[in-house]
Amino acid sequence: MPITYVIIVLAILLFLVAFILIRTVLYSRAPLSSLATGSADEDFASPEFDALEAAKHLSESVQVKTISHEDPAEDSKEYFNLLQQEFEVMYPHVHQVMQKEIVGDYSLIFTWPGSNPELEPVLFTSHQDVVPADPDTLDQWTYPPFSGEIAEGFIWGRGTLDIKSQVIALFEAAESLIISGYTPERTVILAFGHDEEVFGVGAKKIVARLQEKGMHLHALLDEGGTIYNGGLPGIAGQAALIGIGEKGYLSLRFTVEMEGGHSSTPSNETAIGILSQAITRLETHPFPPSLHTVKGMFQGLAPASPFSMQLAFANLWLFKGMVIRQLSSNVETDAAIRTTIAPTIFRSGVKDNILPAKAEAVVNFRLLPGMSIAEACNHVREVIHDERVHFEPLGGNAWEATPVSPTDSASYSELAACIIGFFPGTVTAPYITLGGTDARNYYVICDNIYRFTPLISLPEDLKRVHGVDERISIDALATMVKFFQQLMQRWSLN
Ligand SMILES: [Zn+2]
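Procedures and definitions
- Residues numbered from 1 in each chain as written.
- Predicted model: local features only at pLDDT ≥ 70, side-chain atom pairs only at ≥ 80, totals over all residues.
- Heavy atoms only, no water.
- Helix = DSSP H or I, 4+ residues; strand = E, 2+ residues; numbered from the N terminus.
- Rg over C-alpha atoms; globule rule 2.2 N^0.38 Å.
- Buried < 20%, exposed > 50% of the residue type's maximum accessible area, 1.4 Å probe, protein only.
- Contact = heavy atoms within 4.5 Å.
- Lys, Arg positive; Asp, Glu negative; His and termini not counted.
- Charge placed at Lys NZ, Arg CZ, Asp CG, Glu CD.
- Pairing = 2+ DSSP bridges.
- Donors = N, O, S within 2.8 Å, 3.2 Å for Na, K, Ca; no water.
- Tetrahedral: all angles 85-135°; square planar, octahedral: opposite > 155°, others 65-115°.
- Domains from an automatic or database assignment.
- Buried area = accessible area lost by both parts, 1.4 Å probe.
- Salt bridge = Lys/Arg side-chain N within 4 Å of Asp/Glu carboxyl O.
- Polar contact = N/O pair within 3.5 Å; in protein donor to acceptor, adjacent residues only side chain to side chain.
- Nonpolar A, V, L, I, M, F, W, Y, C, P; charged D, E, K, R; others polar.

**Examining the overall build of the protein**
When helices and strands are tallied, the protein shows 15 helices and 17 strands. The C-alpha atoms of the protein give a radius of gyration of 26 Å, which matches the 23 Å a tight globule of 494 residues would have. In terms of its C-alpha atoms, the protein occupies a principal-axis envelope of roughly 80 × 80 × 50 Å. A total of 494 residues make up the protein; the buried ones form 52% of that total. Here the analysis covers contacts within the protein between residues at least 6 apart in sequence; of these, 83% occur between residues at least 24 apart. Taking the average place of the 33 positive charges on the side chains of the protein and the average place of its 58 negative ones, the gap between the two points comes to 7 Å.

**Description of the sheet that holds strand E4 (residues 150-151)**
In space, the three strands of this open sheet follow the order E4-E5-E17, with antiparallel pairing throughout. Edge positions in the sheet fall to E4 and strand E17 (471-473), since each has one partner strand and no second. The pairing of E4 with strand E5 (residues 154-156) spans two bridges and is classified as antiparallel. Residue pairing in the sheet places alanine 151 in a bridge with phenylalanine 154 of E5.

**A closer look at the coordination of the zinc ion**
Within the protein, the atoms that donate to the zinc ion are His127 (NE2), Asp162 (OD), Glu223 (OE) and Glu223 (OE), at distances of 2.0 to 2.5 Å. For the zinc ion, the four donor atoms are set out with angles of 54 to 145° between them, so the coordination reads as irregular.

**Some details on the environment of histidine 385**
Within the secondary structure, histidine 385 is located in the loop between helix H12 (373-384) and strand E14 (389-393). By relative accessible area, which is 70% here, histidine 385 ends up exposed.

**Digging into the domain arrangement of the protein**
Segmenting the protein into domains produces domain 1 (41-233 + 429-493) and domain 2 (248-393). The distance between the C-alpha centroids of domain 1 and domain 2 comes to 34 Å. Residue-level contacts link seven residues of domain 1 with 12 residues of domain 2. At the boundary of domain 1 with domain 2, total buried surface from both sides reaches about 700 Å², with 78% on carbon and sulfur atoms. When the area that domain 1 buries against domain 2 is broken down by residue, the three leading residues are Ala429, Ile432 and Leu434, summing to 56%. Across the domain 1-domain 2 interface, the total number found is zero salt bridges. One can count zero residue pairs in polar contact (both at pLDDT 80 or more) joining domain 1 with domain 2. When its residues are assigned to classes, the side of domain 1 that touches domain 2 shows seven nonpolar, no polar and no charged.

**Details of the side chain of lysine 164**
Residue placement: lysine 164 occurs in helix H5 (residues 164-179). Here lysine 164 sits buried without a salt bridge, and the closest side chain of opposite charge, glutamate 86, lies 8.0 Å off (N-O distance). If sequence neighbours within four positions are ignored, lysine 164 has contacts with Leu58, Ser61, Val62, Val64, Thr66, Leu83, Gln128, Val130 and Gly159.

Rendered as structure tokens:
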């Protein structure tokens, strides 16, 4: 019966459309984590502090050149001592009430004993070092990079965004809370490494010291995501991204050794040719994509995303292929869904008429949480499938991707509640940070590790990080202080 047939097909189609739409509506309404409802903003002390004084403190700390250079021989470590002397003058109450320790020569730990020693401590971290200012761009700065100029409503210079601002705001928050007579219930620790920008040892030494004390942390906050206003494709309004994990890091050195010789009588396979083919095979066989690390992000962003995006993510059973194709077409979203492969060095040959006996290349990999270094090496071996190509880790820096911190923890909810309180109308979502932070070292003593800086970033601000005219507004710094005043109280209780 053709007419019955048509009706049945139409009914199935209608059912499918309804199913897809209902899933979409439920998806964008589903709270990612039940936000803390127990305590409203007004339940927390917000002690007075002088915003201009805080700005001056940041300015003074910017003027101290605690630079981490690629070549450590260029570092002038005495600046760290100088900076720490300044902290002593700026924050007398912190230095009086908190126990101060120095580890790894220049990294700082401040411990503020809580009223309930049974509870696990919470830790707030940031780093004291900054990257250099590129000498070629010095003439492009409105104010010199280490002037710490306060002008036009901003504090200018290296470290104002990355990330002496977070050091200063944490100190200001603790100092003002101490002056107001507040004592946290949980112990609160401030920890400031000194070599984050060069993947250094500071944070490792801090963790080792806390481990010696037998400590396990309830929660940790480090630098990381901010509140993006524009710049996230398709997202309207302000979106706060909270880093819940970090990609791993691995560089492999590839070598091919062949018989050298004269270029007048080449064999049909050369070291350069074989290595080139190996690298090409790697590039044309990317790691498989995985949506598991971005699902939570898109769900959190759903209220601010276009309907088509909500529809697609709510119905991955149907649109997975399309979503992956879409995310793969942009380098940043592609890096969020797979382990990336980046050939960064290629070397061979010394003279135009000599066949080199050796060709060498370095490829940098950033591993998605869930993929181990060993698994990545297996993929590489299988794809290259040529025993003449040898590879080994390039000495020094390599680390596994971190575990992914939970988004249903009390500390995540309190952080999100704090964000929504201070930045009304902002959507919050978890994400995996693409760059490295000191936080990755802390997983041995903490499960609830979050990376967030309470600051609104316009697309143009992101270019200032490690770039020209790095600056933060006096108002934004003041908001950071108030934010940390409250988050310290929220985390100390929950
Ligand atoms: Zn940083």
